[in-house]
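Close look at the chain arrangement
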Amino acid sequence: MRLADRLLAVDRRIIYLLVGIGTLIPLLFPIGLPVTITPPVRSAFEKIESLPPGSVVVVSFDYGPSTAPENDPQADAVLRHCFARKIRVVGMALYSLGGLSVAVEEMNKVAAEFPLEYGVDYVNLGYKDGAQAALRRMNENLHELFPRDAFGRPVSELPLMQDVRSLREVDLVVSLATGIIGEWWINLVNAQFGTPVIVGSTAIGTPKYYAYLKARQAEGLLGGLKGASEYERMLSDRYPVVAEIYRSPTLYTATQGMDIQTIVHLVIIALVVLGNVLYFVSRFRPASGDRHA
Amino acid sequence: MGVRPACPAHSHNRRGRFRPAAAVLGLLLSFVSTAAAQEVATPSANPPLPAPVGLTAVDQPWDAGGAILLTWQPPAAISGGDGAYRIERGPSSEGPFSEIGSLPAGTARFVDREAFGGAAFVYRVTFEPASGGVSTPAFAGPIAARPNGFRTDRVNALVLVLLLTGLVLFFIWRARSGARLFVRRISGLNAIDEAIGRATEMGRKILYVPGIQSMDEIQTIAALAILGYVGKLSATYGAELDVPNRDPLTFAAARETVKHAYLEAGRPDLFREEIVNYVTYDQFAFTAAVTGRMVRERPAANFFIGSFYAESLILSEMGQTTGAIQIAGTAEVMQLPFFVATCDYTLIGEELYAASAYLSHEPVLLGSIKGQDMMKAVLLIVGVIGVVLATMGFPIVSELLTMH
Amino acid sequence: MRSQLPLILTFVAGVIPVIALFSPHPVMVRIASRADRWLVIMYAFAILLGVVSVVQSNTKKIARRDRGWPYAIVLLAGLTVMGGFGILANFGIFGGITTVAGRPTPFQWCYSNVFLPLQATMFSLLAFYMASASFRAFRARNLAAGLLMISAIIVMFGRIPVGEAVPFVPMITEWIMDNPNAAAQRGIIIGAALGAASMSLRVILGIERSHLGLGKGE
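Residues numbered from 1 in each chain as written. Chains lettered and ligands numbered in written order. Predicted model: local features only at pLDDT ≥ 70, side-chain atom pairs only at ≥ 80, totals over all residues. Heavy atoms only, no water.

1. A closer look at the interface of chain B and chain A
When the parts come together, some accessible area is lost, and that loss is often what is quoted as the size of the interface. Rule in force here: Should any heavy atoms of two residues lie within 4.5 Å, those residues are considered in contact. The buried area of a pairing is the accessible area, by a 1.4 Å probe, that goes missing from both parts when the two are put together, added over both. Salt bridges, as used here, are contacts in which a Lys or Arg side-chain nitrogen is within 4 Å of a carboxyl oxygen on Asp or Glu. Nitrogen and oxygen atoms within 3.5 Å of one another constitute a polar contact, given that in protein one can donate a hydrogen and the other can accept it, and given that sequence-neighbouring residues count only through two side-chain atoms. Per the convention used, a helix needs a DSSP run of H or I reaching at least four residues, while a strand needs a run of E reaching at least two, with both numbered from the N terminus. Three classes are used: nonpolar for Ala, Val, Leu, Ile, Met, Phe, Trp, Tyr, Cys and Pro, charged for Asp, Glu, Lys and Arg, and polar for all others, with Gly counted as polar.
Contacts between the two partners involve 33 residues from chain B and, on the opposite side, 31 residues from chain A. Summing both sides of the interface, chain B and chain A together bury roughly 2600 Å²; the carbon and sulfur share of this comes to 49%. Run the count over chain B and chain A and you get two salt bridges. One salt bridge in this structure joins Glu332(B) and Lys208(A), with 3.8 Å as the shortest N-O distance. Linking chain B with chain A are two residue pairs in polar contact (both at pLDDT 80 or more), by the criterion used here. Residue assignment for the side of chain B that touches chain A shows that the elements contributing at least two residues are α6 (283–297), α7 (311–322) and α8 (336–342) of chain B. Split by residue class, the side of chain B that touches chain A holds 17 nonpolar, seven polar and nine charged.

Here is the structure:
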C-alpha cells in the first residue's frame, strides 16, 4: 500500500487525538480572539433592545447539560440583556433536563448579578412535559399548565404572573434549544399566535433555522458558541454594567470558548484539505472498495 | 372583582404594560407641574377635557369568545401630550365600573380578554393628562363577546388542506380503478433486502432504531411502517432483530408492529418480547446503550429510521467503525448531512414517508404518493408565480398564503 | 372490533386538531385542549410501561448471563438509586430534588456529579466524530462534491475569528448560509412537510395501519 493510501486509511483515533490536542491547547493557553457581529445575532439583540422596560419575555430553557457549553452562554447573555433593560423574564423548560438544572442554576446565577426580586422581576416555571401539546395550550392558559413554579410555589401568588395569564401577554419568546424545540416555538407559537420568537440554537442546528430567519418567522438567531460570543460583545459594548460582569476571571464566556472552536475548526479544515490532496494523489490507482461513491 | 391588570394583546397596546414606569413618570411630572401650577392657580380650576373620540367596542372576530376589542382616537385638545387612558368596565352605563387597564397616551386600542360568561358589558374610557385633571368619559356598549364557529382568516390554509386531501383521494381512487401509477425507485429501500440478506448470511443481528421521538411525530409512524417490512423479512429469513427504544409509546407500538410482522411471515414462534426493548428516556444514555451494543454484538445491518437529533452522528459513526451496512432515513434536515456522510443509503425527507407505500406496492398507498407529488407541483407553480409577482412589486401571492 | 376500534380512535384523534385549527368555537377548543391533556397524561403512564420493560429484560439478561450482563446490573442500580431518590424526594424525604439550605440533596448530587458529566461527555464525542466523518466524506469526487467541500471549508473558516479577519470571508459565509443553505433547507422542509401531511392523511383515513400492528386486511 502506498503512503497516500495508508494516510487515507489512517486510524480514526489519530484524528480524535488531533482534535483532543486542538481542544486542550487553547484551554491551557487562552488566545482571546476578537469576534465580529453577524446580522442574525444583531437582529436578535436589536429586538430585545427595542422592548421597553417592563415588557415580558419568556426564556425557554429547551436544552440539557449535554449542550450547555453552547446554550448556557446564550441564555446568560439574553438574561443579562433583559435584566439590564429591566425587562421581566418568565423562565420555563420544554426539555426535561432543562428545568431541573439549567433553568434553575442559570436564572439564579444571572439574577444574583442584578438587584431583582423573584416573583416580581422574574419567575421560573420549571419543566413541562407534553411537548407540542403543552405549547398549544400556552396561548390559552399558562397558569393551568404551570400551576406551581419550579420551587413549588403557586403561580397565582407570584405578582409577575398576575400580568401574564397566557402567551398573549408575552412580548417575545427566546427559545434556547438543543434541537427541534426552537422549531416548535416558531411553528406553533409564532405562526399561529404571532408572538415574536428568537432562537438560540446549537451550531449543528443553526443552518436549519436560517430558513425560518429568512421567512421572518424568527426575529433573530444565536447560532452556537459563535452567536453567544457575538451577543456578549454587543452587550459589553452597550452596557458597562454587563461588561464589568464579563470581565470576571471566574466566568465562563462564549468568547473564551471561541478560542477552542477556532483551533478545532482549523484542525478539521486541515484534515479535509489533507484528505483531498491524498485522494488526488491516490486516484491514479484503482479505488479500493469505498462504498461511499 | 378588584382592579385587574391590563391584558393588551398586540403591539399597539403593549406599552400599556409599563404601568409602573408610566405611573412613576406621571407622578413625577404631575408633582413638577402641580408645584409650578400652585404659584398661579389651583388644579381644580382646570376646565374639563373633551372625551376620547369615536370609542367603539366590537366582539373580537375569529376567536373562541371572551374578548372585546376597543378602539378610539385621542381627544383633539390633548393629542401628543403625556398621560394615560383609564379603561373601565361595568354591567351598564350606570356602573359600577372597575378598572381593567391603563394605557399610555398614544395608544388607541385595547383588548379586554376577560369578557367571559356571555354577559354584556359597557366600557368607559377616560384620559388623564400628566398635567392633572381628567377628561369627560367616553362610553361604548353594551356588548357581549361571542365565540365564532370558524376562523375566516385561515381560509387559505383550509383551501390548501382540502386541495391536498382532494388530490390524494383522487389518486387513491384512480389507483383503485386500476390505473398504473409510476413511483420512482428509491435506492435506499432496495438496499433493505440486501442488508437483511447479508446479516442472515453472516449470522449476525439486525439493529433497527425507530428514531427517538414519540408517536405524535409522524416520522415515527413512517419508521414503524418500515419496521413492519424489516420485521417480516427478518422473520422470513430467520435473522435476529433488535429494536431498542427511547420513547415508551413508540416502544409499545413497535412491539405490536414486530409481533404482527412475525405473524404475517408465518413465524410467530420466532417472536420474543426482548426483540423490541425499552432502554431509557434519556437521549444520550440511550445513545450510549445502543453504541455499546454495536461494539459488543457487532450487528451486520443498522437501520436508523425516524426522527433523530444529536445522536445521529454518534450512532452512525460508531456503526461505520463496526463495518455494518447502514441505512438511514429521516426528515430532520439537521441530521441528514451526518447520515449521508456515514451511512450507505439515506432516505431523505419525503422519501421516508413514501417508503412504506413503496415497499407495500399497494396501489392505494402509491396513489397517496402521487397525490402528494401533484400538490408539490401546484405549490411549485404558485411559488414561481408568487416570486415573479413579488419581484414586480405585487406581493399578492405571499399575502394570500400568509396564515394569521 | 379489535382492528376497528384503533382505526376509529386514530381518525377521531387526528381530525380534532385539524378542526380546532379552523374553528375557535368553545366546544372545539375544549375538546382539543382535553385531547392534548390526555396525551400528556398517557405519556406519564407510558413511561411506567418503559420502566417495567427495562426491569424485565435486564433481570432476564442477568439471570441468563447473556453477553454484557454486568452492564445490566449497572443499569438497574442506576435506575434504582436515581429513581429512588427522585420518588422519595417527591414525598419530602431527602429534602426534594434541588438544594436544601444551599446544599445539594442526594438526587441533585447524583445529577450534578454523575449524570451531568456523562451527558456532556456523550455530546462532546460529536466533535471527534465530526472530524473523522469530515475527513472521509468531504472529497472532491465530482463537481457537486467539490462545491460542497469548498462551501464547508468557507463556512467553517468564516465562523471563527481568524476567518472573519480575512476580507470577504464573513460576507461569503453569510451569503452561503442565507441563500444556498436556506434554499436547500426550505426545499427539504417543504417536501418533507408535504410528505408528512400525506402520511398523516393515510394514517387518519386508516390506509396506513402497520404501526397499529394491523395488516391491510384487518
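2. Notes on the sheet that holds strand β6 (residues 220–223) of chain A
All names here are of chain A. Note the following rule: Pairing between strands is defined by DSSP: at least two bridges between them are needed. To obtain an axis, a line is fitted to C-alpha atoms, over the contacting stretch when the element is a helix, and the angle between two such axes runs from 0 to 180 degrees between their N-to-C directions.
The parallel open sheet is built from six strands, whose spatial order is β3-β2-β1-β4-β5-β6. Two strands close off the open sheet at either side, each with one partner strand: β3 (122–127) and β6. Sheet twist, expressed as the mean angle between neighbouring strand axes with direction ignored, is 15 degrees. Direction of pairing for strand β4 (residues 172–177) relative to strand β5 (residues 197–201): parallel, over a ladder of five bridges.

3. Details of the pattern of salt bridges
Spelled out, the test is: Think of it in three bands: with a 1.4 Å probe and only protein chains considered, a residue is buried below 20% of the maximum accessible area for its type, exposed above 50%, and partly exposed in between.
In this structure the tally under the stated criterion is 34 salt bridges over all chains. Asp149(A) serves as the salt-bridge partner of Arg153(A), at 3.7 Å between the closest nitrogen and oxygen. On the basis of relative accessibility, which here comes to 5%, the residue Asp149(A) falls in the buried class. When the shortest N-O distance is used, the salt bridge between Lys376(B) and Glu350(B) registers 2.4 Å. Here Lys376(B) is found in helix α10 (residues 363–391), whereas its partner Glu350(B) is found in helix α9 (residues 350–360), with 26 residues between them in sequence. Counted as one network, the salt bridges with shared partners bring together Arg272(B), Glu274(B), Lys60(C), Arg64(C) and Asp66(C).

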